[in-house]
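# Structural overview
Read off the chains here:
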Amino acid sequence: MLFFFFFPLKSRFNGKVTYPPGVKEISDKISKEEMVRRLKMVVKTFMDMDQDSEEEKELYLNLALHLASDFFLKHPDKDVRLLVACCLADIFRIYAPEAPYTSPDKLKDIFMFITRQLKGLEDTKSAQFNRYFYLLENIAWVKSYNICFELEDSNEIFTQLYRTLFQVINNGHNQKVHMHMVDLMSSIICEGDTVSQELLDTVLVNLVPAHKNLNKQAYDLAKALLKRTAQAIEPYITNFFNQVLMLGKTSVSDLSEHVFDLILELYNIDSHLLLSVLPQLEFKLKSNDNDERLQVVKLLAKMFGAKDSELAAQNKPLWQCYLGRFNDIHVPIRLECVKFASHCLMNHPDLAKDLTEYLRVRSHDPEEAIRHDVIVSIVTAAKKDLSLVNDALLNYVKERTLDKRWRVRKEAMMGLASIYRKYSLQGEGGREASKQISWIKDKLLHIYYQNSIDDRLLVERVFAQYMVPHNLETTERMKCLYYLYATLDTNAVKALNEMWKCQNLLRHHVKDLLDLIKKPKSEASNKAVFAKVMVITRNLPDPGKAQDFVKKLAQVLDDDERIRDQLETLVSPACSCKQAEVCVRDITKKLGSPKQPSNPFLEMVKFLLERIAPVHIDTESISALIKQVNKSIDGTADDEEEGVPTEEAIRAGLELLKVLSFTHPVSFHSAETFESLLGCLKMDDEKVAEAALQIFKNTGSKMEESFPHIKSVLLPVLQAKAKRGPPRQAKYAIHCINAMFSNRDTHFAQIFEPLHKSLDTANLEQLITPLTTLGHLAQLAPEQFAAPLKSLVANFIVKDLLMNDRIPGKKTTKLWVPDDEVSPETMAKIQGIKLMVRWLLGVKNNQSKSGNSTLRMLTAILHSDGDLTEQGKMGKPDMSRLRLAAACALLKLAQEPCYHEIITLEQYQLCALVINVRTAIFNLPALHFQFKSFSVQLIFTPPLPLLPDILSHFILLIIACPVLRVLFFCFAQKLHRGLCRLRLPLEYMAVFALCAKDPVKERRAHARQCLVKNVNIRREYLKQHAALNKLFSLLPEYVVPYTIHLLAHDPDYVKVQDIEQLKEIKEALWFVLEIIMAKNENNSHAFIRKMVENIKQTKDAQAATDPKTNEKLYTVCDVAMHIIMSKSTTYSLESPKDPVLPSRFFTKPDKVGVRTLKSLDIQNIFHFPKSANVLGAVNKPLSSAGKQLQSKASRMETTSNDSSSNPGSPQRSKSR
């Protein structure tokens, strides 16, 4: 390319024009066609000329001047103008570096004329396009426009040229056109002295998104131009942004409002264009204007997050300043930062470390939308590539599964589910990725423990679609379920089992509804249908709305026999998975309407069908599952490849079958399945055989008639297990015979007689299984063996077994040992205790006073710390075992009304103290420990002085002992189970109050969970049954008087006025009252207050004449009253009902005012004015024992926008 600089040549125009040979004069006197013909010859002449043709240049000088006259420049014909423009372009080329035109105005006219002709480039299909291209090529190559630098109006000329070129460029142009345009424009910028704002705007406007979308080719042209001229144009771009950003002079350009869009585009084109601009953005990030900060944050999010961006590394101060905006006071800014995170994680994994802590803070943001988008950002990156997110980021998603907002919880759960399916189920990312997210399956199932029905339904959906997809082929689906179950943790297994039980229960409810609908209409049947509708409603989201929809569904089922039949098929135990899919599809199709795309009724029905449809388990599935178990047994399964030891896989598989046998018993009814289970019975593994027996018990009800060949083989095995098998197998063998065979009495007799006659204490180890078997026979058939059982209990169990210590126990300081280290004599005694209790539970009456004697026996064991004979022969672990057995036996008897009536208050309190963690220290020289009532709190027996440091040392040793955990949870679980089944009387719920003093947080938390669940179960039961006559035994609020009475008799409560002891009383009361008072339904706070007041008008029925006992009772009432008054604002309202106090615990009310005086004495002793907090010295801030307090970060305190980039700065928002 030639480079020319033009200077005006002095004109010698004398009026005579010389034309090329063959060309006649060109004037207005000839026709247009003739003029075009002659001009083409002139064009050809000038095209062939070069700069060295001095004679020709002189010859045609006047012609050059003539062609620049207004006649040609303003000619109406475009062809004429085009040819003239081509001539002029060649004239500038030929006469370079001197131009034949001297007048600045003429030069302006010429170049504006040429610019106008360039518009012809727009039509690439025009016949004249090649001439237009020649014109462009010529002026670009020669840089003709550079002559305009000396003109005053040069900016106008250049601006018009740029506008024209940006207007005409289109997708029809080839690369050459594009290149010549860039050459032409870049020469003006690079070789000129300045770039005006108007000219700069002409270029930059094409980068604005609106223009960019309208003309992509103009954008590409501007982009190429800026890349070519980056160094030359950078100062003018910097000046523009300085004017707008720093000085606020928005009037300097019409593009001021698009300044942030331009910065982004310029950065993407060439980051060097913004070397001096980027520091200005740091200043803008600290602006006091929220909208301005938001715009900058959006801009920088795109710049930092771009795939190939190195801005964070190149400009670390700006990056740190940007990170500070994660803690901005303005919500949209924090939201924008969080949205940016996913792009940053995906495109720049090296920045994940910087983002982690900020995302943690934002995952606790007060704004729901921000917490939601934190999850979206992390999950999006994880789904692209798991290596992009670290464990900390995944844990933030895990935490949000417990968020208080449903939208956030749902996003977190679905996000984890999709990650699990991709990397664990589908195997993308290999074993390392699968191992990294192995916790997800457990976490998702743990959510089933939440109270919200929405959470539970989502877990069910996640399980069916992501964890064990129901659309898999049967064998693959069961393999997936098999290994999933084998790798779940204990709590997840329990949650999954509970899920199947809930779905099974709901299926039964729907089946009951269908049965009720088919009955003849009557008032009673209508009430029954309504009651069942209410039960089903509680298993659906938004029960308030669901109630109307379920009513509508009941009406549809009544009217439409086809839908009813399909639903009956769906809830039938024999429904297969394929049938279930067909039924669900047909029902939804029938109930749906194309004219009504949004149908809340149909959505509710879908929810219901999702829960009841057996999409995983049917006969074929069970058969496939058992085959999978058999493969593991045979050693041909892929256990090791799946990361599960074969032994664990087999046990987990049988445990899974055991659970499914309870929820889907009919699916086991196949000869193949039963034969496989028979094989399991013959295995050496006790757990495997035990599980097989339980499965037979749950599924074998019709075996006698449907599978007689299985029965004939199974019966001898069951009889052998009952006589000589391990104790648990013997137990299940007896229950199998009871459930499966019609002539059970005959089979029972064949087992009972030889075992009864062969009982002998000479071989204690061989005595355990017979006692277990006889105990279950006594419970299942008490009348059949009435006489021998009574003699057996009185003579053998009590006199011969329990009242004798034959083998001295091992001398050890241990308080507990594993089962295999317990002496055979102790195990036999435990089975003897259980036999007595089972016999009484089978008899269910106390006519022979056997219940009284048994209770005395159990109480004696508790009183004697397990050493009933008090000969000192027993070891401490054996004593602990017997105390636990006695306490659990007492709980069992308390569940039967006829025995509950004869349990004295002393026996009840002694049993209750078992849950209280106490330990006795005696025999100081030997530092020998024993449990007073299996617990962790130390008592002195007998009271002995002990140095505080020694005492502390041994307390820590005992608390750390895993024994106590076993003891506590065993008894607490028995207590909890009896209460949940509504079989234990309400006073036993008060026992959990004693757990408030437990020093181990884990046990306090467990006790609190048990208490919460029991309260909820009772309230739910009352809602469903409206059992007004059972209020006294069911209403949770009635646990308060029992709690007060129990605490008044706490052995630790010795001194009535002791502040430390009263603190413990207060904590124990609040442990219960916090849960009871959580809901103030029907003004229950006033009801509780009235109960406490009424107690103060009574005496302790256990010791009505003992002043100290009654004083303790009234003091505990005062503490309770203080808690009620300090924690409730409605306690003073009218009580909805007059409470009825239990007559066994309290005497009839007495209006004597002495009770009040006692209360006043207490207040005076502690110096509490009436208006102050009663017992204020005692009542420090009440804590929820065992309840994990929600961590709360400080509220956002960003008042200025110059936030620190430290994620722990004061801008951190309130945690969720």
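Residues numbered from 1 in each chain as written. Predicted model: local features only at pLDDT ≥ 70, side-chain atom pairs only at ≥ 80, totals over all residues. Heavy atoms only, no water.

### Observations regarding the overall build of the protein chain
- Broken down by element type, the protein chain carries 57 helices and five strands.
- Counting across all 1216 residues of the protein chain, residues that qualify as buried make up 55%.
- Taking all contacts inside the protein chain whose residues are at least 6 apart in sequence as the whole, residues at least 24 apart take part in 72%.
- Carbon and sulfur atoms form 51% of the exposed surface of the protein chain, whose accessible area is close to 53,900 Å². (Helix = DSSP H or I, 4+ residues; strand = E, 2+ residues; numbered from the N terminus. Buried < 20%, exposed > 50% of the residue type's maximum accessible area, 1.4 Å probe, protein only. Contact = heavy atoms within 4.5 Å. Areas by Shrake-Rupley, 256 points an atom, 1.4 Å probe, with all protein chains shown as cover.)

### Considering the side chain of His-900
- You can see His-900 is positioned in helix H47 (residues 897–900).
- Accessibility expressed as a relative area gives 17% for His-900, which makes it buried.
- Leaving out residues up to four positions away in the same chain, His-900 has contacts with Leu-893, Ala-894, Pro-985, Glu-987, Tyr-988 and Arg-1144.

### Brief notes about the packing of aromatic side chains
- Going through the model one piece at a time under the given rule, you end up with 26 aromatic pairs.
- Relative to Tyr-60, the ring of Phe-46 has its centre 6.2 Å away and its plane inclined at 75°; by these criteria the two rings are edge-to-face. Linking Phe-46 in helix H1 (residues 32–48) with Tyr-60 in the loop between helix H2 (54–59) and helix H3 (61–67), this pair joins segments that are 14 residues apart in sequence.
- The interplanar angle of 75° and the centroid separation of 5.0 Å between the aromatic rings of Tyr-1042 and Phe-1145 together place this pair among those described as edge-to-face. (Phe/Tyr/Trp six-rings, centres within 6.5 Å; stacked < 30°, edge-to-face > 60°.)

### Observations regarding the confidence of the model for the protein chain
- Per-residue pLDDT for the protein chain averages 83, and the proportion of residues at 70 or more is 88%.
- Of all helices and strands in the protein chain, the one with the weakest mean pLDDT is strand S5 (residues 937–940) (33), whereas helix H25 (residues 439–446) scores best (95).
- When the criterion is pLDDT under 50, residues 1–13 qualifies, and its contacts beyond four places in sequence or with other chains add up to 39 contacts.
- When the criterion is pLDDT under 50, residues 1156–1216 qualifies, and its contacts beyond four places in sequence or with other chains add up to 134 contacts. (pLDDT = per-residue confidence, 0-100.)

### Observations concerning the side chain of Thr-773
- Positionally, Thr-773 belongs in helix H42 (residues 768–780).
- Of the polar contacts made by the side chain of Thr-773, one reaches the backbone oxygen of Ala-722; its length is 2.5 Å.
- Filtering out sequence-adjacent residues up to four positions away, Thr-773 remains in contact with Ala-722, Ala-730, Ile-734, Ile-751 and Leu-755. (Polar contact = N/O pair within 3.5 Å; in protein donor to acceptor, adjacent residues only side chain to side chain.)

### Quick word on the packing of helix H27 (residues 474–487) against helix H35 (residues 646–663)
- Contact pair H27 / H35: the axes reach a minimum separation of 9 Å and the direction vectors enclose 105°. Taken together, the axes of H27 and H35 lie roughly perpendicular to each other. Across the interface between the two elements, Leu-481, Tyr-482, Tyr-485 and Ala-486 from H27 touch Ala-649, Ile-650, Ala-652, Gly-653, Glu-655, Leu-656 and Val-659 from H35.
- Along the lines of polarity and charge, the residues of the contact of H27 with H35 split into nine nonpolar, one polar and one charged. (Axes fitted to C-alpha atoms, helices over the stretch in contact; angles between N-to-C directions. Parallel < 35°, antiparallel > 145°, perpendicular 65-115°, else oblique. Nonpolar A, V, L, I, M, F, W, Y, C, P; charged D, E, K, R; others polar.)

### Quick word on the pattern of salt bridges
- In this structure the tally under the stated criterion is 58 salt bridges.
- Here Lys-545 ties to Asp-542 by a salt bridge, and the two come within 3.9 Å at their closest N and O atoms.
- Using a relative accessible area of 56% as the deciding quantity, one classes Lys-545 as exposed.
- Exposure remark for Asp-542: the relative accessible area of 40% places this residue in the partly exposed category.
- Here Arg-1019 ties to Glu-1037 by a salt bridge, and the two come within 2.9 Å at their closest N and O atoms. Placement of the pair is Arg-1019 in helix H51 (residues 1001–1025) and Glu-1037 in the loop between helix H52 (1031–1034) and helix H53 (1039–1048), with a sequence separation of 18 residues. Like Arg-1019, the residue Glu-1037 is buried in the burial classification.
- Several salt bridges share partner residues, and in doing so they unite Lys-997, Asp-1050, Asp-1052 and Glu-1064 into one network. (Salt bridge = Lys/Arg side-chain N within 4 Å of Asp/Glu carboxyl O.)

### Notes on the nonpolar core
- Of all hydrophobic cores here, the largest spans 353 residues; its most connected members are Leu-88, Tyr-145, Phe-241, Ile-263 and Tyr-322.
- When neighbours within four sequence positions are excluded, Leu-88 is seen to be in contact with Ala-64, Leu-67, Ala-68, Leu-73, Tyr-101, Ile-110, Phe-113 and Ile-114. (Core = buried A, V, L, I, M, F, W, Y, C linked by side-chain atoms within 4.5 Å.)

### A few points about unusual backbone geometry
- Positive phi outside glycine occurs at Asp-542, with the angle close to 50°.
- As for its position among the elements, Asp-542 is in the loop between helix H29 (523–537) and helix H30 (543–559).
- A positive phi angle is found at Glu-870, which is not glycine, with a value near 55°.
- Mapped onto the elements of the fold, Glu-870 is located in the loop between helix H45 (850–863) and helix H46 (876–894).

### Comments concerning the environment of Ala-894
- With respect to the helices, strands and loops of the structure, Ala-894 is situated in helix H46.
- A sequence separation of 84 residues divides Ala-894 from Gly-978, and the C-alpha atoms of the two residues are 9.2 Å apart.
- Beyond its immediate sequence surroundings of up to four residues, Ala-894 is in contact with His-900, Ile-903, Arg-983, Leu-984, Pro-985 and Tyr-988.

### Here we look at H30
- Between its first and last C-alpha, H30 extends 24 Å over 17 residues, near the 24 Å set by a 1.5 Å rise per residue.
- Those residues of H30 that sit buried are Ala-546, Gln-547, Val-550, Leu-553, Ala-554, Val-556 and Leu-557.
- Among the structural elements, helix H28 (490–518), H29, helix H31 (561–571), helix H32 (577–591) and helix H33 (600–612) are those in contact with the buried residues of H30. (Expected span 1.5 Å × (residues − 1).)

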